[in-house]
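# Topology and contacts: notes
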Amino acid sequence: MREYSIAAIPADGIGPEVIDAGITVLKALAEQRGDLRLNFNVFDWGSDYYKRNGAMMPADGLEQLKKFDAIYFGAVGAVDIPDHVTLWGLRLQICQGFDQYANVRPTKILPGIASPLRGVEVGDLDWVIVRENSEGEYSGAGGRVHRGLPEEVGMEVSVFTRVGVERIMRYAFGLAQSRPRKFLTVVTKSNAQRHGMVLWDEIAEKVSREFLDVTWDKMLVDAMTVRMVLKPQSLDTIVATNLHADVLSDLAGALAGSIGVAPTANIDPERRFPSMFEPIHGSAFDIAGKGIANPVATFWTAVQMLGHLGEQAAADQLMHAIERVGEAGIMTPDVGGKATTREVTEALCNAIGGRNVLAG
């Protein structure tokens, strides 16, 4: 019996609903397999915690999380708290505090979900976007002076270090090498940003010499949006800066049919600290509490979590079950279905157990 300890942080909006669904499914998977035990500790951190305590998480929050094998995260954000407070106070504090420098976002068209792209079907769009997750445009460097005065200045400084760029390039080339096509696209903007982005390009060229079996090309970020829409089959693994990949991965989710099914993993490849797994979709307060939140992204990021933990057979079983439920048309309203969060969760548990997904 292999045993893992998971820290669950449902946080805000629909986060508690989808994390509860994810825990239900993971427990069903572990029970069905019989060789796996997943122990969950749920933390009540987030916007409600902030309103009670003046902080999104306790001062020793990172210390509390260190002992876990992985972190299962819901969503962060509240309508009555500034976004930079909620994001930097919880999610980014964990990402940067644990140096989770590789943000990995798989994208593909799942069965039962239609892409808005004409003539693009299941299998035609199958990408993994690797986002530098520790520096770049979201480094946190900068500041504001002369607040409230006409001459007020706000500076947001992009930081690109050789060590930071080298390690994300090496990770991306290695991931591309592990995929069947062995093909990587490096996204840049070095025509206009002639310091950090030129360094980015130079390091990509240097690291590429370590991966001679990987074919790679380079695209300006604005041209990349066009290529993603018009030639999705021409892409496979993609690496981009913190900001560029943040934008491109949301576009990727929409092109695959819905951002509601898009997962992400915040990885510490050196495994010094626990990595964190979450859906991309955000807190979605407009549907919170209605029972219609799409849990598929939370299920899919659990696939990533299991793979990271070395449980690839369990990960493959869960992914197959997700696809089986999609093929049966059991989906929430955001992707054209009529099912509730609970009904999708029950169908997935049935699929894991080898039962009819339509069974009650």
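Scroll up to find the structure.
Okay, so let's go over this structure. (Residues numbered from 1 in each chain as written. Predicted model: local features only at pLDDT ≥ 70, side-chain atom pairs only at ≥ 80, totals over all residues. Heavy atoms only, no water.)

Once that is clear, we can look at the overall build of the protein. Within the protein, the regular secondary structure consists of 11 helices and 12 strands. Counting only C-alpha atoms, the protein reaches 60 × 50 × 40 Å along its principal axes. Counting all 360 residues of the protein, 53% fall into the buried class. Across the protein, the fraction of contacts at a sequence separation of at least 24, relative to all contacts at a separation of at least 6, is 75%. Carbon together with sulfur atoms contributes 52% to the accessible area of the protein, which is approximately 15600 Å² in total. In the protein, 35 positive and 45 negative side-chain charges are present, and the distance between their average locations comes to 3 Å. (Helix = DSSP H or I, 4+ residues; strand = E, 2+ residues; numbered from the N terminus. Buried < 20%, exposed > 50% of the residue type's maximum accessible area, 1.4 Å probe, protein only. Contact = heavy atoms within 4.5 Å. Areas by Shrake-Rupley, 256 points an atom, 1.4 Å probe, with all protein chains shown as cover. Lys, Arg positive; Asp, Glu negative; His and termini not counted. Charge placed at Lys NZ, Arg CZ, Asp CG, Glu CD.)

This brings us to the side chain of Asp236. Structurally, Asp236 can be placed in the loop between helix 7 (221–230) and strand 10 (237–240). Within the structure, Asp236 has its side chain in polar contact with the side chain of Arg179 (distance 2.9 Å). Setting aside chain neighbours within four positions, we find Asp236 in contact with Asp126, Trp127, Val128, Arg179, Arg181 and Phe183. (Polar contact = N/O pair within 3.5 Å; in protein donor to acceptor, adjacent residues only side chain to side chain.)

What follows concerns the pairing of strand 4 (residues 102–108). Strand 4 sits mainly inside the fold: 6 of its 7 residues count as buried. With 3 bridges joining them, strand 4 and strand 11 (residues 263–267) adopt antiparallel strand pairing. Counted as the bridge partner of Val104 is Ala265 from strand 11. (Pairing = 2+ DSSP bridges.)

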